[in-house]
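# Fold and contact review
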Amino acid sequence: MDAIVSHIALGFETAVSPTNLAYCFVGVFLGTFMGVLPGIGAMAAVSMLLPISFYLDPTTALVMLGGVYYGAEYGGSTSSILLNLPGTPSNAVTCLDGYPMTQQGRAGLALFMTTIASFFGGTLGILALYVLAPVIVSVALAFGPAEYFALITFGLVAAATVAQESPAKGLSMVGLGLLLGFVGMDINSGFPRFDLGLLDLEDGISFIAVAMGMFGVSEVIGAIRVARRRPFNQKVTFRSMMPTRDEMRRSIGPMWRGAGIGGLFGALPGTGPSIATFIGYALEKRIARDPSRFGHGAIEGIASPESANNCAVQTAFIPTLTLGIPGSPTMAVMLGALIVHGVQPGPGLMGDRPEIFWGVAASFWIGNLLLLVLNIPMIGLWIRVLKIPYDLLYPAILCLICIGVYTLRGNSFDIFLVLVFGLAGYVLRLLRFELAPILIGFILGPMVEENLRRAALIFRGDYTQFLTRPISGTILALTALLLAWTVWSMVRARRRRVAEAG
Amino acid sequence: MIDTGARVGAGARHSGSRDLSKRIDTTDLVGGGLVAVIGLAFLAGSFAYEIGTPQRMGPGFLPMVVAGITTVLGGLVMLNAVGREGGLPRPQVRPAAAVLAGIGAFAGLLEPFGLVPAAVALVLVSSLGDPELRLRRAAILAVVVAAGLWVIFAELLGLPFHAVRLP
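First, a word on what this report is: a plain description of the structure on this page. Quick caveat, the model's predicted, so the values are computed rather than measured.

So, on to the state of the cysteines. All names here are of chain A. Evaluation of the coordinates by the stated rule reveals zero disulfides over all chains. With no disulfide of its own, Cys311 lies closest to Cys24 among cysteine sulfurs, the gap being 18 Å. Judged by relative accessible area, Cys311 falls into the buried class, the value being 3%. For the unlinked cysteine Cys399, the closest cysteine sulfur is that of Cys402, found at 6.8 Å.

Given below as structure tokens:
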């Protein structure tokens, strides 16, 4: 217990320095602003502000980028509620009940509950970070490459199979991501692979280009026609925001459950806020007394996903900071930021640079508080942003994406990559494939390979040791169980389809 | 919520045919096929590198395995597509083409000609994707955006961009 207190003390000492406070505010503000814009989600926002963070010291950089992350996740829900256009993929679920609430004239209420639920979930997530991180670090110090391999493989399978419409499609997307990750320099042999003879590909495909193309550009393409049809004209007053006692009472349970789900899936590598929101929503619908209310403005339909979302965002930092395994694609960008600053995330971080670890954790409190306090009065500002016609917004967004990608390497080739992956992302969406698993496969692929080869070397080719070592054996067994369960559900669903048709 | 447009062929839902093998989800068929083709391409490519053995993996080993699995998965998706109904999605060609062409213009113009021409080109070309395009509005937007970008990125952030230059 005193360990936690001393961590909090150290953390706040770092976090309340004027620089860190200022950049926390900047991050939260810019993040919310970019999250509100349709077509730019948390990942694009963090990626675009990444170059700015290069000039800051590591703690401040993480403080700012963290603020951008959860700010953007919050801002995305504003667009979901008011325009039925998710600002971030994980806010898609908020549209389901948020937009009907707007149509019923309850937009203010929806926005208010989003803020409260986000703050609630975020607080619990940060608590989880404080409690779990030291535990994980102490266990992880005994981790070898076999354990990392098992954990990452579990993450890959989880990303492909949890809450996916078709596990086969999810797994094939993870496969594509892994293959894309192979492009570039092979660490073990020094050979460039799959580079098509192009010098620009020898170092691999720029992750940011893939992310911005697949998520940003393809989202923009889809939004152009849709955004035009939905002008928003309501007036949102402060009084309209207040929930009735009944609505408040009905939201508490979903907020707790959502946070639980969010915390779990945020902390697992491979699954992140998006999946947490889907599962949270599905759970609420299933246990509700009157499920037919969902999709028509049920307050539980917002409270749970938003709490899950923000909780997952906070807990996603746990594997990222303690193990060096990104808890979600956006976390991969954060990891990149850390590495650029010469900070090595992993079990050693907490011991070597505690002021970074706990300072960043403390700044999350501050940032979430800022979100709560600022966004209620500033809601008018965000609404005005959304009223800007989309045909004026999206070319600007595209410019920001292109410049953002260019500033990372100073190479126009990366912008062409954005084009290629924008097209690929759009086509894949049309074909009803999920895109997040590709990114996860892309980031985790090189790590999987490195750890697998290293472990094979240490075990001298004796693969049974993966299973006999307790931790890696357990995780791999869980992975196999997950796969088996997925296959079984697929078979069962197909049998049901055959029976219904026959 | 991406608007993928109407589903072509969706009207064939109640074709009255009880024969499952005649119903195909075309979307998944194409999707699975695409994945399988990409998997095969990587599989073929992986043989250019030394494969090695499971005990001593060469650079081509894991790509070969993953590519093989991915190809099989693509085939699985195609198999699952039999017995389900579904048509092809209708892509929105104009927005997609405009956005992508705009990005291409930016990529091609940025280094030789500078930030301003590239940004103007991107705004103008991508604006063509809007079905209710108003040319004058787009032109003004192009100028404003280009100027704004210059101020933020070159002046405020000090990044090395040329405003306009001759190649």
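Residues and elements named next belong to chain A. Here the structure, examined in full by the defined rule, presents 17 aromatic pairs over all chains. Arranged with centres 6.2 Å apart and planes meeting at 15 degrees, the rings of Phe207 and Phe442 form a pair that is stacked. Of this pair, Phe207 sits in helix α9 (residues 207-228) while Phe442 sits in helix α20 (residues 436-458), placing them 235 residues apart in sequence. For Phe207, a relative accessible area of 16% puts it in the buried group. You can call Phe442 buried: its relative accessible area is 8%. Ring centres 5.3 Å apart and planes at 90 degrees place the aromatic pair Phe459 and Phe466 in the edge-to-face group. Here the aromatic residues Tyr69, Tyr70, Phe317 and Phe364 are joined through ring pairs into a cluster of three or more. Positioned above the aromatic ring of Phe433, the side-chain terminus of Lys169 is 5.0 Å from the ring centre.

With that out of the way, let us pick up the pattern of salt bridges. All names here are of chain A. In the structure shown here, the tally under the stated rule is 17 salt bridges over all chains. Of the charged contacts, one joins Glu247 and Arg106 as a salt bridge, the two residues approaching to 3.2 Å between their closest N and O atoms. One end of the pair, Glu247, is in helix α11 (residues 245-267); the other, Arg106, is in the loop between α5 (92-103) and α6 (107-140), with 141 residues separating them in the sequence. Classification of Glu247 as buried rests on a relative accessible area of 10%. Assessed through its relative accessible area of 23%, Arg106 is described here as partly exposed. Among the charged side chains, a network of salt bridges with common partners joins Asp246, Arg249, Arg250, Arg293 and Glu300.

Another point: the packing of helix α1 (residues 2-15) of chain A against α6(A). Residues and elements named next belong to chain A. Between α1 and α6, whose axes approach to 11 Å, the crossing angle comes to 115 degrees. Relative to α6, the element α1 is oriented roughly perpendicular. Crossing of α1 against α6: the hand is right-handed. Contacts from Ile4, His7 and Ile8 in α1 reach Tyr130, Val131 and Pro134 in α6. Residue classes in the contact of α1 with α6 are distributed as five nonpolar, one polar and no charged.

Criteria and cut-off values
- Residues numbered from 1 in each chain as written.
- Chains lettered and ligands numbered in written order.
- Predicted model: local features only at pLDDT ≥ 70, side-chain atom pairs only at ≥ 80, totals over all residues.
- Heavy atoms only, no water.
- Disulfide = S-S within 2.5 Å.
- Buried < 20%, exposed > 50% of the residue type's maximum accessible area, 1.4 Å probe, protein only.
- Phe/Tyr/Trp six-rings, centres within 6.5 Å; stacked < 30°, edge-to-face > 60°.
- Helix = DSSP H or I, 4+ residues; strand = E, 2+ residues; numbered from the N terminus.
- Lys NZ or Arg CZ within 6 Å of the ring centre and 35° of its normal.
- Salt bridge = Lys/Arg side-chain N within 4 Å of Asp/Glu carboxyl O.
- Axes fitted to C-alpha atoms, helices over the stretch in contact; angles between N-to-C directions.
- Parallel < 35°, antiparallel > 145°, perpendicular 65-115°, else oblique.
- Left-handed = near helix turned anticlockwise from the far one by under 90°.
- Contact = heavy atoms within 4.5 Å.
- Nonpolar A, V, L, I, M, F, W, Y, C, P; charged D, E, K, R; others polar.

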